[in-house]
Amino acid sequence: MAQREVIRLDRERIHELTAIEQQRFRESTARSGEVYARASKALTGGVASSYQLMEPWPIYFDRGDGQHVWDVDGTMRIDFHNGFGSMVQGHAHPAITRAVRERLELGTHFAVPTEEAIDVAEELARRFGLPRWRFTNSGSEATMDAIRIARAHTGRDTIVKIAGSYHGHHDGVMVMISTQVADMGDRDDYRSVPYGAGVPKAVADLTIPVPFNDADRMEARIDRLEREGRKPACVIMEPAMMNLGVVLPEPGYLEAVRELTRSRGIVLIFDEVKTGLCIAAGGATERFGVTPDLVTLAKALGGGLSSGAIGGSEEVMEVVRTGKAVQVGTYNGNPLAMAAARANLLEVLTADAYAHLERLDDRILAGCEDVIARHRFPGYTVGVGSKGCVTFAPVKITDYESFKTHQDAEVCDLAWLWNINRGIFMTPGREEEWTLSVRHTDDDVDAFVAAFDSLADALTG
Ligand SMILES: Cc1ncc(COP(=O)(O)O)c(C=O)c1O
């Protein structure tokens, strides 16, 4: 990112605009407020997952079609959230709807294998260059099982993860997420801080966080773990971090991690729950040309139905084939989810679809970059495939520590409110990025840029 002169934002002005937008939000989502009051009685906190919580209340949705969503107040918005990136196909895609409907009438669940799962596994093997696959029902299950497979394969317990990366809600990876910089510990020796209560210390201590984009520190930490008799089973990482906005790997980083893990006999897991199927047909594995030992998928795989997958080399997946590691689940490979995934992969996320997503992402990134330059706004754009964001920081973010230190959280919160009040549904949360869908058009991304332009104007004008 080239250094340029930027405007210093007036904090008072940010607070003033935030208060106005909050009031507007309350007025325009009044029915959601009513639903929230009812929901709070039976649903804990009024939501099914704590990631759906929002102030003053969550927006309750009614329906979606293509790139549009409607809330219970009847307001239509353009969806850039897309179910945390699950809906890169857009909502109610005709090909997926048809496939699900056909399967629905033939019976939806048997807990025995059906042929759809074979088609999906074959297509994933082709895309990711990994020959052996298993299915799960979510990203959390995929990363949980992948770690168990790595442990079974190596006979070791310790795992290495990237500080700040989210890999799902099982105990082993609920470590060093949302941690304050002051609590992280020394950069050479990050602490295994549990994320929320209820994670046993003994389990958290098996998970060693290291900074992203720093292969030397990863190597040094692994050296030390080896000396301590705690050689890791695996390194689990997002090849491009999607849970800090978007943070791309610096040139050579993934190759260095691949070389390091291969030379030490440590399993490399790419968690592609967010990147896979969204940034290229074969995810980050294809995009950056580095093949891990195991890859985990979920979100965009099922076209809106719950599913996840683990792909791996023959060597590492051998522990599953022989039964040494137990990889199971009643709903694994559920026919309805597999029918949706098959239509998604074979009919929707085609080469043309990826070309469309790339072109739109280039357009939205260029539009936002132009706004930043014209307003001398403190921020920059970053994106890949269908994903991207404006990072509200005056310097480039390369890892979790720089993100926590430099992200302008107040502008981030205001931007979300500004967007929602102007028909743009962005992913709530300061760590999130947009996901474009195959149904988005030039006009849709131009609307996003126009909303950002008006925000930049209001903050710098
Ligand atoms: C990179 C990554 N891995 C794993 C998960 C967990 O997936 P799920 O919510 O389907 O359990 C997420 C969810 O946001 C994720 O972003």
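Everything numeric here is computed off the predicted structure, so don't read it as measured data. (Residues numbered from 1 in each chain as written. Predicted model: local features only at pLDDT ≥ 70, side-chain atom pairs only at ≥ 80, totals over all residues. Heavy atoms only, no water.)

Trainee: So, the overall build of the protein chain: which residues are in play, and what are the values?
Mentor: When helices and strands are counted, the protein chain shows 16 helices and 14 strands. For 461 residues, the compact-globule estimate of 2.2 N^0.38 gives 23 Å, and the C-alpha radius of gyration of the protein chain, at 22 Å, lies within 12% of that figure. Principal-axis analysis of the C-alpha atoms gives the protein chain an extent of 65 × 55 × 45 Å. For the protein chain, with 461 residues in total, the buried portion stands at 56%. Partitioning the intrachain contacts of the protein chain with sequence separation of at least 6 by distance along the chain shows that 74% fall at a separation of at least 24. Counting every atom, the protein chain has about 19200 Å² of accessible surface; 50% of that belongs to carbon and sulfur. Put simply, the protein chain has 50 plus and 67 minus side-chain charges, and the middle of one group is 3 Å from the middle of the other. (Helix = DSSP H or I, 4+ residues; strand = E, 2+ residues; numbered from the N terminus. Rg over C-alpha atoms; globule rule 2.2 N^0.38 Å. Buried < 20%, exposed > 50% of the residue type's maximum accessible area, 1.4 Å probe, protein only. Contact = heavy atoms within 4.5 Å. Areas by Shrake-Rupley, 256 points an atom, 1.4 Å probe, with all protein chains shown as cover. Lys, Arg positive; Asp, Glu negative; His and termini not counted. Charge placed at Lys NZ, Arg CZ, Asp CG, Glu CD.)

Trainee: Mind laying out the pairing of strand β1 (residues 61-65), listing which residues take part and the relevant values?
Mentor: With 4 bridges connecting them, β1 and strand β2 (residues 68-71) associate as antiparallel partners. Looking at the pairing, Gly64 lines up with Val69 of β2. Hairpin connection, β1 to β2: the antiparallel pair is bridged by 2 residues, and Gly66 has positive phi, about 60 degrees. (Pairing = 2+ DSSP bridges.)

Trainee: If you had to explain the site of the ligand to someone new, which residues and values would you point to?
Mentor: Neighbouring the ligand are the residues Ser138, Gly139, Ser140, Tyr166, His167, Gly168, Glu238, Asn243, Asp271, Val273, Lys274 and Lys299. Note that an oxygen atom of the ligand is positioned 3.1 Å from one of the side-chain N or O atoms of Asn243. The separation between an oxygen atom of the ligand and a polar side-chain atom of Lys299 is 2.8 Å. Burial of the ligand by the protein amounts to 85% of the accessible area it has alone, namely 390 Å². (Near = heavy atom within 4 Å. Polar contact = N/O pair within 3.5 Å; in protein donor to acceptor, adjacent residues only side chain to side chain.)

Trainee: Can you break down helix α13 (residues 351-375) residue by residue, with the values?
Mentor: When the terminal C-alpha atoms of α13 are compared, their 36 Å separation across 25 residues agrees well with the 36 Å that a helix rising 1.5 Å per residue should span. Regarding α13, the residues found buried are Ala353, Tyr354, Leu357, Leu360, Asp361, Ile364, Leu365, Gly367, Cys368, Val371, Ile372 and His375. One or two positions beyond α13, positive phi appears at Arg376, with a value near 50 degrees. (Expected span 1.5 Å × (residues − 1).)

Trainee: Which residues make up the layout of surface pockets, and what are the values?
Mentor: To find the voids left in a structure, one rolls a probe of water-molecule size over its atoms. Empty space within the second largest pocket amounts to approximately 500 Å³. Contributions of two or more residues to the lining of the second largest pocket are made by α5 (115-128) and β4 (132-136). Ranked by the residues each element gives to the lining of the second largest pocket, the list is headed by α5, at 5 residues. Its residues assigned to classes, the lining of the second largest pocket comprises 12 nonpolar, 8 polar and 3 charged. (1 Å grid on protein atoms, 1.4 Å probe; cavity = no way out; pocket = protein on both sides within 12 Å on 5 of 7 lines; lining within 4 Å. Points joined across faces, edges and corners; volume = space filled by probe spheres on them. Nonpolar A, V, L, I, M, F, W, Y, C, P; charged D, E, K, R; others polar.)

Trainee: How would you explain helix α12 (residues 335-348) if you had to name every residue and give the values?
Mentor: Here α12 is 14 residues long and its end C-alpha atoms lie 18 Å apart, about the 20 Å a rise of 1.5 Å per residue gives. Within α12, 11 of the 14 residues are buried, leaving the element largely enclosed by the surrounding structure. Within the span of α12, buried status applies to Pro335, Leu336, Ala337, Met338, Ala339, Ala340, Ala341, Ala343, Asn344, Leu345 and Val348. On its buried face, α12 is in contact with α4 (94-104), α5, β4 and α13.

Trainee: Which residues make up the sheet that holds strand β14 (residues 434-435), and what are the values?
Mentor: If you walk across this open sheet you meet the 3 strands as β11-β12-β14, and the pairing is antiparallel. Among the strands making up the open sheet, the edge pair consists of β11 (380-384) and β14. In the sheet, β11 pairs with strand β12 (residues 387-391) via 5 bridges, with the strands oriented antiparallel. What sits directly across from Val382, in β12, is Cys389. Packing of α13 onto the sheet brings it into contact with β11, β12 and β14, and relative to β11 it is tilted by some 175 degrees. (Axes fitted to C-alpha atoms, helices over the stretch in contact; angles between N-to-C directions.)

Trainee: Describe in detail the packing of helix α1 (residues 11-28) against helix α15 (residues 409-420), supporting the description with residues and values.
Mentor: It is the contact of α1 with α15, at a shortest axis distance of 9 Å, that shows an interaxial angle of 35 degrees. Relative to α15, the crossing made by α1 is left-handed. Residues Arg11, Ile14, His15, Leu17, Thr18, Glu21, Gln22 and Phe25 of α1 form the contact with α15, whose participating residues are Glu410, Val411, Leu414, Trp416, Leu417, Trp418 and Ile420. Taken together, the residues that form the contact of α1 with α15 break down as 9 nonpolar, 3 polar and 3 charged. (Left-handed = near helix turned anticlockwise from the far one by under 90°.)

Trainee: So, the sheet that holds strand β13 (residues 424-425): which residues are in play, and what are the values?
Mentor: For sheets, the rule is that strands pair by backbone hydrogen bonds, running either parallel or antiparallel. Sheet architecture is open: 4 strands sit in the order β1-β2-β3-β13, paired in mixed fashion. Each edge of the open sheet is held by one strand with a lone partner, namely β1 and β13. The sheet contact formed by strand β3 (residues 76-79) and β13 spans 2 bridges and is parallel. In the sheet register, Asp79 faces β13, and the bridge partner there is Phe425.

Trainee: Talk me through the side chain of Thr381; I want residue IDs and the actual numbers.
Mentor: As for its placement among the helices and strands, Thr381 is situated in strand β11. For Thr381, a relative accessible area of 17% translates into the label buried. A distance of 2.5 Å separates the side chain of Thr381 from the side chain of Glu369, its partner in a polar contact. Here Thr381 is in contact with Leu365, Cys368, Glu369, Ile372, Cys389 and Val390, once residues within four sequence places are set aside.

Trainee: Account for the packing of helix α6 (residues 139-154) against helix α11 (residues 314-321), with residues named and values stated.
Mentor: Between α6 and α11, the least distance of the axes is 9 Å, while the angle of their chain directions is 95 degrees. It follows that α6 is roughly perpendicular to α11 by the angle criterion. Taken together, the residues of α11 that come into contact with α6 (itself represented by Ile149, Ala152 and His153) are Glu315, Val316, Met317, Val319 and Val320. By residue class, the composition of the contact of α6 with α11 is 6 nonpolar, 1 polar and 1 charged. (Parallel < 35°, antiparallel > 145°, perpendicular 65-115°, else oblique.)

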